[in-house]
Amino acid sequence: MIVSSAAAQTPAATTSPTPAAPPPAEVRQMLQLMETPAVKQWMATQAQTQSPTAQAPAGQAPAAAQPASTPAQPAAPGGEMSGEQMSVLSDFLGHARRHFDLVSGAAMTLPDEVENASEIVEREVQPSGWAFVTIELLALFLAGVVAELLFRMIVPRPRVKLEDGAVVTVAHHAANNLSYRIVPALVFCVATLVPLVLFNWPPITQSLAIAVAIALIVSRVTISVGRLIVALVTLPHVGGERDVSRATAMFWFKRSCIFIIYFVFGWVLIQLMAPLGFSPGSRYLVAYALGLGLLAIATEAVWSRPAEEGQKSTTASWMLTIYFAALWLLWVAGFNLILWIGIYLVALPRVLRVSTLAVRALHKAEAGFLAKKRIAAVLLDRGVRAVIITIAALWLGRILGFAAERMAAGETMMDRIVRGSVGGIVILLAADLLWHLARAYINGRLEDSPLEGSINDEEKARRARLQTLLPIFRNILAVVIAVIAVLMVLSGLGVEIGPLIAGAGVVGVAVGFGAQTIVKDVISGMFYLWDDAFRVGEYIESGSHKGVVEAFSLRSVRLRHHRGPLTTVPFGELGAVKNLNRDWTIDKITLNVTYDTDLVLAKKVIKQIGQKLLENPDYAPHIIETMKMKGVEQFGEFAIVIRLAMMTKPGEQFVIRRNALAMIRTAFKENGIEFAVPTLQVSSETHDADANAAAARYAAQKNNQGAEPAA
């Protein structure tokens, strides 16, 4: 519009009777641009496209000129397919054909446009001279390099400073050199911008200078960030191994830098062609020619890449080469959406993998600052992934032609769908970040609370409760986050979630009636956990089921029998639970001694054995009340039955009992105390009846002893 208004005002200025003041330099440059063939051709084309409506007579409606173009599109008979109802394939072919026509036509006019551009450059440089412009450009190229060299000469390389006795590791050097890698790049960027402010650049040269400065800054930042990533992904673990070898990392670093720097300076050239009067077709043609260089760099990287695990697949190299060539053809055909989807399929997983490797190296590195910070590691890993995917989604939306303000307005259905899709991606990424943070925190608490180790009873009970409740809470939290995220995504896409929630309530009631057993199991499990009836690692008995509690779910508990079998018992079938691992347990021992035994001596010997058990460092922490003789239990037919008892911690009584019995056997033998054994005496044949009666009594006594439960 500015060019059109200037063209319309030029004749009036020439016919004015009064002499006008000389126009400013900017106006002269604009008038010179209007005299170029490319600008004249463009203005003529615009005038022809607007002539049917713009040149209509004052008393005639613009629609009167419309029929001139409508006969070329006759109406389809019978309401069949019209021009707006063409198939997607026809649209693609038509778009590609028009794009090829544009580019092929530009190839014919490119020499004239180059000549015209050289004239524009001559007129641009003529006021100040080639020498001054060359000095300005050299200052722009060299300012950042000189400033960075001076900075490195003045500021010494930082040294690792640690406390006395600390070990210097690779992680210390990486963290210490972080500032030394970033600060020089910042100095380079600031120094590169200084010539843009100091010199008075002509308009076209200023556009060139700004584009070159952006390219230099992007190139320097790419090198600095690339070296930092190489240093991160090659950090050795505590054991000395690396996720990625340094040779592999340096190979991809060099190829990536070459690719990005080539791309950026190619972009500078394309941006410079616009103010020099090149047509869009010529810019496309030059861009596609430069794209062959990008294709060559990518192909060389594929065929020269380091072999993974000693092998490199030739088939994969050919497939990637064909894939990259297909991407270039899609770009030439003008299918930008499919092109960027193809680029995402290759580049996005690699970028995410590199970010994950960098964070993992920081987490596993010896003395790394993320070595013991699980939450920070997860936040950095998932946060970087979320930022990368969000930027990729927004860029894809921009490729589709949906700017941020347009998506926010949501005027059309497609706008709302794209806005909902981008919002859904952000919601899912936020839900993923929240879930991984919660899971890392819960897993960290579980790892920091092992049941093994030298801990007191109170701490062991607290850890057992954590081992019991946290896994269940983790599962419930995962379901809650997933449901809320899905509902928010559906709401962002325009789906009414109110009826869905109401329908889910109705379905829940129906399922509750049809699955009463499951509901019973879940509710029973909640009350068992609320009552703290049992914990992970405890031995329980319930009906015919018994064993050590290994794990929980929402509706069942898994019991490991002491002989090995694993039983999964629903909470609804547990009933009364006998917990054998709470507080304390009393172990009772029954001994049979002869009738001539000195009971006072026996009690003294047993007391000495109890004292020895307390003095044993392996048994003393587990004994609450040491072993004592309670007294005479009963008088048997052949022995005096005495009862012993001791109080220990749950589960420890078995080992202490075995060692105590061995000590009792040795002490009784040393003190002349004999264990009573049943005997049978037969005097003569005349006493068969008495002998038979004694044998019957002996057999009955053995049966009774076998039927009694062990105390």
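Relevant structure appears above.
The structure displayed is predicted, hence computed values, not measured ones.

Trainee: I tried to follow the overall build of the chain on my own but got confused; where do I start?
Mentor: Looking only at helices and strands, the chain features 21 helices and 8 strands. Taking all 711 residues of the chain together, 31% fall into the buried category. Across the chain, the fraction of contacts at a sequence separation of at least 24, relative to all contacts at a separation of at least 6, is 65%. As displayed, the chain has an accessible area near 44300 Å², and 64% of this comes from carbon and sulfur atoms.

Trainee: Sorry if this is basic, but what is going on with a positive patch on the surface here?
Mentor: Residues Lys588, Lys603, Lys607, Lys628 and Lys630 make up a contiguous surface patch of positive charge. At the level of secondary structure, the elements contributing two or more residues to the positive patch comprise α19 (599–615) and β7 (623–635). For Lys607, the location among the structural elements is in helix α19. Accessibility expressed as a relative area gives 66% for Lys607, which makes it exposed.

Trainee: Teacher, can you tell me more about helix α11 (residues 314–333) here?
Mentor: One turn of the α-helix equals 3.6 residues, which is why residues spaced by three or four share an orientation. Taking 1.5 Å per residue, 20 residues should reach 28 Å; α11 reaches 29 Å between its end C-alpha atoms and fits that length. Taken as a whole, α11 has its buried residues at Ser317, Thr321, Phe324, Leu327, Val332 and Ala333. Backbone geometry just downstream of α11 places Gly334 in the positive-phi region, at approximately 90°.

Trainee: In this structure, what is going on with the packing of aromatic side chains? I would like to understand it.
Mentor: The way to describe two aromatic rings as a pair is by their centre distance and the angle between their planes. Summed over the entire model, instances satisfying the criterion amount to 9 aromatic pairs. When the centroid spacing of 5.1 Å and the interplanar angle of 85° are considered together, the rings of Trp303 and Trp318 count as edge-to-face. You can see Trp303 sitting in helix α10 (residues 280–304) and its partner Trp318 sitting in helix α11, a full 15 residues away along the chain. Taking the relative accessible area as the measure of exposure, Trp303 reaches 32% and is therefore partly exposed.

Trainee: Help me understand the sheet that holds strand β4 (residues 566–570), please; the structure alone is not making it clear to me.
Mentor: The strands making up a sheet associate through hydrogen bonds between their backbones, and the pairing can be parallel or antiparallel. Strand order in this open sheet of 5 strands is β4-β3-β2-β1-β5, and the pairing throughout is antiparallel. Here the strands that pair on one side only, and so sit at the sheet edges, are β4 and β5 (578–579).

Trainee: What exactly am I supposed to notice about the packing of helix α5 (residues 130–154) against helix α8 (residues 203–233) here?
Mentor: Between two packed helices, what matters for the description is the angle formed by their axes and the separation of those axes. For the pair α5 and α8, interaxial distance at closest approach is 10 Å and the crossing angle is 25°. Classed by the angle they form, the pair α5 and α8 counts as roughly parallel. Crossing of α5 over α8 shows right-handed handedness. Contacts between α5 and α8 involve Val133, Leu137, Leu140, Phe141, Glu148 and Arg152 on the former and, on the latter, Thr205, Leu208, Ala209, Val212, Ala213, Leu216 and Arg220. In terms of residue class, the contact of α5 with α8 is built from 9 nonpolar, 1 polar and 3 charged.

Trainee: Got a minute to help me understand the sheet that holds strand β6 (residues 585–593) in this structure?
Mentor: The 3 strands are arranged β6-β8-β7 in an open sheet whose pairing can be described as antiparallel. In the strand order of this sheet, the two ends are held by β6 and β7, each with one partner. Neighbour to neighbour, the strand axes of the sheet diverge by 20° on average, direction disregarded. Relative to strand β8 (residues 640–648), β7 is paired through 8 bridges, and the arrangement is antiparallel. The residue of β8 that forms the bridge with Phe635 is Ile640. Across the sheet, α19 touches β7 and β8, and the angle it forms with β7 is around 160°.

Trainee: Looking at this structure, how should I read the environment of Phe668?
Mentor: Along the chain, the position of Phe668 falls in helix α20 (residues 653–670). Judged by relative accessible area, Phe668 falls into the buried class, the value being 1%. C-alpha separation for the pair Phe668 and Val605, spaced 63 residues apart in sequence, amounts to 7.6 Å. Dropping the residues within four chain positions of it, Phe668 is found in contact with Leu591, Val593, Val605, Ile606, Ile673 and Phe675.

Trainee: I keep staring at helix α9 (residues 246–273) and nothing clicks. Help me out?
Mentor: In this model, α9 (28 residues) spans 41 Å end to end at C-alpha, consistent with the 40 Å of a helix rising 1.5 Å per residue. Of the positions making up α9, those classed as buried are Ala249, Met250, Phe251, Phe253, Arg255, Cys257, Val264, Gly266, Val268, Ile270, Leu272 and Met273. Contact partners of the buried residues in α9: α8 and α10.

Trainee: I'm lost on the nonpolar core in this one. Help?
Mentor: Looking at soluble globular proteins, one finds that nonpolar side chains tend to be buried together. Grouped together as the largest cluster of nonpolar side chains are 22 residues, with contacts concentrated most on Met627, Leu644 and Phe668. Counting residues per element, the ones that place at least two in this core are β6, α19, β7, β8 and α20. In contact with Met627, other than residues within four places in its own chain, are Ile589, Ile606, Ile609, Gly610, Leu613, Leu644, Ala645, Met646, Ala660 and Ile664. In terms of nonpolar packing, the next biggest core, distinct from the first, is built from 14 residues, Leu232, Ala249, Met250 and Phe253 among them.

Trainee: What is the right way to look at the packing of α19 against α20 in this model?
Mentor: Contact geometry of α19 with α20 gives a least axis separation of 10 Å together with a crossing angle of 135°. The orientation of α19 relative to α20 falls into the category oblique. For the pair α19 and α20, the sense of crossing is right-handed. Taking contact as the criterion, the partners of Val605, Ile606, Ile609, Lys612 and Leu613 in α19 are, on α20, Ile656, Ala660, Met663, Ile664, Ala667 and Phe668. Among the residues making up the contact of α19 with α20, the classes are represented as 10 nonpolar, no polar and 1 charged.

Trainee: How should the environment of Arg445 be read in this particular structure?
Mentor: As for its placement among the helices and strands, Arg445 is situated in helix α15 (residues 413–447). Discounting chain neighbours no more than four positions away, the residues touching Arg445 are Arg462, Leu466 and Leu470.

Trainee: I keep staring at the pattern of salt bridges and nothing clicks. Help me out?
Mentor: A side chain with one charge can pair with a side chain of the opposite charge if their charged atoms come near. Per the counting criterion, the structure on display carries 8 salt bridges. A salt bridge links Arg255 to Glu300, with the shortest nitrogen-to-oxygen separation between them at 2.9 Å. Residue Arg255 is found in helix α9, and its partner Glu300 is found in helix α10; the two are separated by 45 residues along the sequence. Classification of Glu300 as partly exposed rests on a relative accessible area of 34%. The partner of Arg643 in a salt bridge is Glu633, with the nearest N and O atoms 3.6 Å apart. Of this pair, Arg643 sits in strand β8 while Glu633 is found in strand β7, placing the two residues 10 residues apart along the sequence. Given a relative accessible area of 18%, Arg643 falls into the buried group. Salt bridges sharing partners connect three or more residues here, namely Glu148, Arg152 and Arg220.

Analysis parameters
- Residues numbered from 1 in each chain as written.
- Predicted model: local features only at pLDDT ≥ 70, side-chain atom pairs only at ≥ 80, totals over all residues.
- Heavy atoms only, no water.
- Helix = DSSP H or I, 4+ residues; strand = E, 2+ residues; numbered from the N terminus.
- Buried < 20%, exposed > 50% of the residue type's maximum accessible area, 1.4 Å probe, protein only.
- Contact = heavy atoms within 4.5 Å.
- Areas by Shrake-Rupley, 256 points an atom, 1.4 Å probe, with all protein chains shown as cover.
- Patch = residues over 30% accessible without salt bridge, like charges linked within 9 Å, V, L, I, M, F, W, Y side chains within 5 Å.
- Salt bridge = Lys/Arg side-chain N within 4 Å of Asp/Glu carboxyl O.
- Lys, Arg positive; Asp, Glu negative; His and termini not counted.
- Charge placed at Lys NZ, Arg CZ, Asp CG, Glu CD.
- Expected span 1.5 Å × (residues − 1).
- Phe/Tyr/Trp six-rings, centres within 6.5 Å; stacked < 30°, edge-to-face > 60°.
- Pairing = 2+ DSSP bridges.
- Axes fitted to C-alpha atoms, helices over the stretch in contact; angles between N-to-C directions.
- Parallel < 35°, antiparallel > 145°, perpendicular 65-115°, else oblique.
- Left-handed = near helix turned anticlockwise from the far one by under 90°.
- Nonpolar A, V, L, I, M, F, W, Y, C, P; charged D, E, K, R; others polar.
- Core = buried A, V, L, I, M, F, W, Y, C linked by side-chain atoms within 4.5 Å.

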